[in-house]
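Here are the chains, one letter per residue:
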Amino acid sequence: MTGVQTCALPIFAIGHRDANGWNIVTERSWPLDRDTDYTPRVMIDGTYASIWIGNVRRLQYNFGTPLADGLVGFGSDGGVFDVDNIVVEPKLGIELDAPKYFGTVIADDTVQSNLPVLYWFVENTSAAQTRSGTYTSMFFRDKFYDNIYVNLHGQSTSGGAFPKKSFNVDLNPGHRFEFAADEAPVTDFNLLTNYADKTKVRNTLAYETYRNAGHGYHIASPIRVQRNGSFFSIHDWVGEAGEEYLERLGLDPRGALYKVNNNLSSTTNQVEKRTRKWEEDRSDLQTLIDSKSLPTTQRNAWWFDNLDIASWVNFLAAMVITGSIDCCHKNYYVYRDSEGTGQWQILPWDLDLSFGHNWNQSETYFDDDLVYNRGLYQGNTVIWPLYDAPGFREMYQRRVRTLMDQLLQPVDTPPDELKYEARIDELITQIGGDAALDQAAWGFHSNMTPQSPREAAEDLKSFYFPKRREFLYNLNDIPDAQVDDPEIVVAAMETEPVSGNLDEQFIRLDNPGPAAVDRSEERRVGKSVDRGGGRTIKNKK
């Protein structure tokens, strides 16, 4: 396939053929360079069909039914390129997009662990710790994965202060990684360093907090890594954000997902667009950023029309429970339901600085102090004024109190009923004897007092959590516990819109009481992940 001009963009399309011919189900334009040869490939992975040029996926579609016995076609528009309506039999990719070898590994009976064990085989170990990366093989839960691309992950953790690095792991489109039997396989994941977290449990606890709050989250778990037949590390296995992530959360994968590492002030500086990449225009994100500068009344109206307010309430409330200090001047995703409601949600990432783990100017990540008095309010250029939108602060405070009562639990809760403490004990038991191996392999930063994960976790249980509970439950902005069965009235209902558009049906609920009411337990139905958190109703003043 050769590009012969750049003034017209080729249309890549995926479709299916029936008795009436080809039916196009999705298409997009993409610029190709003049007089450049390209090798297009069609990848079939279960119900998914995708078109790749080199190592870049140009287009993907989920047919919702296995494609093993069908045909998939692609083509260009208007004969701009010397390829048109080529049909290929479904097959796995070639070259670097598919396994080179298939097989298994010989069991190593010397590996005894309570953690999931990832066996990693890499010829050039140094190359895996560079941005350019290298290709490797892995074995996990009785499955062998070959020709996996691994490279260096992260910013601060990629420097010399972190001898144990983080890694991006990119699998082949037709050979996804199965981390857990009850989770969909994935094509990408991360092995994140926990060198600065002596407990080795913070990432897992923090993402589980968002999950338990009914919010979008990454799957996270400590994992033992054996590299080339020897113990390598305890790393944090954390999922990656993209179309698969959105589908797992019950969100439309055709929506725009941005990974943002600034204070929501730029569409390009430290911003990565993760989905909807065929739409190179980032004007949707720019409109969100610009909303803060609208006149107050117009700004508030735009936010209540274009933000999923419950998502922003819930995200910020769950952050208080984690005690995270590393958002929202950076480290978050924003997602727009581009082809549905058009509303924006906010989602978490990079949660290692949680549950008392602090960063300061002198010791950076290697601070032994457990900071328990992180306050209620964190923000960025949009979130700070959002607190002052009508009813938002009240709804947010109510949701914080709900999550305090449900997850953190009151100060007088019997010790054997405390949820965080029990979960920490479970994770520390899983880590078990692997902790000593990790300590021997990597040691400790000179700023930190050596401790085993169990010892560091005891500090969380005996100091941080009691202090955190006491601090939050004594804040003046935290409302009293919600009364049982608060009154909510149906104020209006539209079942037959005059326009005939059923999307305009609605039910309006009013809260006549003196305080905001949290109705998050009334979850959305039919979603693969419970994302009902944050649905609070402000009092009608």
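Analysis parameters
- Residues numbered from 1 in each chain as written.
- Predicted model: local features only at pLDDT ≥ 70, side-chain atom pairs only at ≥ 80, totals over all residues.
- Heavy atoms only, no water.
- Helix = DSSP H or I, 4+ residues; strand = E, 2+ residues; numbered from the N terminus.
- Buried < 20%, exposed > 50% of the residue type's maximum accessible area, 1.4 Å probe, protein only.
- Contact = heavy atoms within 4.5 Å.
- Patch = residues over 30% accessible without salt bridge, like charges linked within 9 Å, V, L, I, M, F, W, Y side chains within 5 Å.
- Areas by Shrake-Rupley, 256 points an atom, 1.4 Å probe, with all protein chains shown as cover.
- Salt bridge = Lys/Arg side-chain N within 4 Å of Asp/Glu carboxyl O.
- Axes fitted to C-alpha atoms, helices over the stretch in contact; angles between N-to-C directions.
- Parallel < 35°, antiparallel > 145°, perpendicular 65-115°, else oblique.
- Left-handed = near helix turned anticlockwise from the far one by under 90°.
- Arc of directions from axis to C-beta.
- Pairing = 2+ DSSP bridges.
- 1 Å grid on protein atoms, 1.4 Å probe; cavity = no way out; pocket = protein on both sides within 12 Å on 5 of 7 lines; lining within 4 Å.
- Points joined across faces, edges and corners; volume = space filled by probe spheres on them.
- Nonpolar A, V, L, I, M, F, W, Y, C, P; charged D, E, K, R; others polar.
- Core = buried A, V, L, I, M, F, W, Y, C linked by side-chain atoms within 4.5 Å.
- Disulfide = S-S within 2.5 Å.

Chemist: Please give an account of the overall build of the chain that cites residues and values.
Modeler: On a plain count of helices and strands, the chain comes out with 11 helices and 24 strands. Relative to its full complement of 541 residues, the chain shows a buried share of 52%. Contacts spanning at least 24 positions in sequence make up 63% of the contacts within the chain whose residues lie at least 6 apart.

Chemist: Please give an account of a nonpolar patch on the surface that cites residues and values.
Modeler: Residues Val490, Met493, Ile507 and Leu509 make up a contiguous nonpolar surface patch of roughly 390 Å² in combined accessible area. Those elements that provide at least two residues to the nonpolar patch are strand 21 (489-494) and strand 22 (506-510). Checked against the element boundaries, Met493 lands in strand 21.

Chemist: So what's going on with the packing of helix 6 (residues 309-322) against helix 8 (residues 392-408)? Residues and values would help.
Modeler: Look at helix 6 against helix 8: their axes get within 9 Å of each other, and the N-to-C directions meet at 45°. Judged by the angle between their axes, helix 6 and helix 8 are oblique. Crossing of helix 6 over helix 8 shows right-handed handedness. Judged by residue contacts, Ile309, Trp312, Val313, Asn314, Leu316, Ala317, Ala318, Val320 and Ile321 of helix 6 engage Phe392, Met395, Tyr396, Arg399, Val400, Leu403, Met404 and Leu407 from helix 8.

Chemist: Got a sec to walk through helix 10 (residues 434-442)? Specific residues and values, please.
Modeler: Considered for burial, the residues of helix 10 that qualify are Asp434, Ala435, Asp438 and Trp442. Considered in projection along helix 10, the buried side chains sweep an arc of 100° and stay on one side of the axis. Exposed residues lying more than 90 degrees from the buried face of helix 10 are Ala436 and Ala440. Two residues or fewer past helix 10, Gly443 is found with a positive phi of approximately 65°.

Chemist: Now, about the sheet that holds strand 15 (residues 220-227): what can you tell me, with residues and values included?
Modeler: Here we have 7 strands rolled up into a closed barrel, ordered 10-11-12-13-14-16-15, and mixed in their pairing. Neighbour-to-neighbour, the strand axes of the sheet open up by a mean angle of 40°, direction not taken into account. Taken together, the 4 bridges between strand 10 (residues 117-121) and strand 11 (residues 134-140) define a ladder with antiparallel strand orientation. Its bridge partner being in strand 11, Phe121 is matched across the sheet by Ser137. This element, helix 2 (residues 202-212), spans strand 14 (188-192), strand 15 and strand 16 (230-239) of the sheet and lies at about 145° to strand 15. The strands that helix 10 touches are strand 15 and strand 16; relative to strand 16, the one it contacts most, it runs at about 105°.

Chemist: Explain empty space enclosed by the protein residue by residue, including any values.
Modeler: Scanning the model with the defined rule gives 3 cavities of 30 Å³ or more in all. When its volume is computed, the largest cavity comes out at roughly 110 Å³. Forming the boundary of the largest cavity are 14 residues, of which Lys200, Asp438, Gln439, Gly443 and Phe444 lie nearest the centre. Top element by residues in the lining of the largest cavity is helix 10. It accounts for 4 residues. Here the residues of the lining of the largest cavity are counted per class, giving 6 nonpolar, 4 polar and 4 charged.

Chemist: Explain the side chain of Ser311 to me, and be specific about the residues and the numbers.
Modeler: Inspection of the secondary structure assignment puts Ser311 in helix 6. Setting aside anything within four residues of it in sequence, one finds Ser311 in contact with His215, Gln345 and Ile346.

Chemist: Outline the pattern of salt bridges, listing residues and values.
Modeler: What the rule picks out here adds up to 20 salt bridges. Across the pair Glu279 and Arg276 runs a salt bridge, and its minimum N-O distance is 3.0 Å. According to the relative accessible area criterion, Arg276 is buried, its value standing at 9%. A single salt-bridge network, built from bridges that share partners, covers Arg254, Arg276, Glu279 and Glu339.

Chemist: Describe the nonpolar core, listing the residues and the values that go with them.
Modeler: One finds Phe177, Val334 and Phe392 to be the most contacted residues of the largest nonpolar core, which totals 111 residues. The greatest single-element share of this core, amounting to 10 residues, is contributed by helix 6. Leave out the neighbours within four places in its chain, and Val334 touches Ala256, Leu257, Tyr258, Val260, Leu285, Leu288, Trp312, Trp344, Gln345 and Ile346.

Chemist: Could you give me a rundown of the pairing of strand 11, with the residues and numbers involved?
Modeler: Consecutive residues of a regular strand have side chains that alternate between opposite faces of the sheet. Counting buried positions over the 7 residues of strand 11 gives 6, a clear majority of the element. One ladder, built from 6 bridges, connects strand 11 with strand 12 (residues 143-153); its direction is antiparallel. When the sheet's bridge partners are listed, Met138 is paired in strand 12 with Tyr145. Joining the antiparallel neighbours strand 11 and strand 12 is a turn of 2 residues, in which Arg141 adopts a positive phi near 50°.

Chemist: Residue-level account of the state of the cysteines, with values.
Modeler: Summed over all chains, the structure comprises 1 disulfide. In this model Cys327 forms its disulfide with Cys328; the gap between the sulfur atoms is 2.3 Å. One disulfide, between Cys327 and Cys328, carries an S-S torsion of 90° and so falls in the right-handed class. You can call Cys328 buried: its relative accessible area is 1%.

Chemist: Tell me about the packing of helix 2 against helix 9 (residues 419-431), and name the residues and values.
Modeler: As a packed pair, helix 2 and helix 9 sit with axes 11 Å apart at the nearest point and diverge in direction by 135°. Between helix 2 and helix 9, the angle is such that the two are oblique. The way helix 2 lies across helix 9 gives a crossing that is right-handed. Of the residues in helix 9, those touching helix 2 at Thr204, Leu205, Glu208 and Thr209 are Tyr420, Arg423, Ile424 and Leu427.

Chemist: Quick rundown of unusual backbone geometry? Include the residues and the values.
Modeler: Here Cys327 and Cys328 are connected by a cis peptide whose omega angle stands at 20°. Position of Cys328 among the secondary structure elements: in the loop between helix 6 and strand 19 (332-336). For Asn228, which is not glycine, the phi dihedral falls at a positive 50°. The partly exposed category is assigned to Asn228, whose relative accessible area is 39%. Despite not being glycine, Gln270 shows a phi value in the positive range, around 60°.

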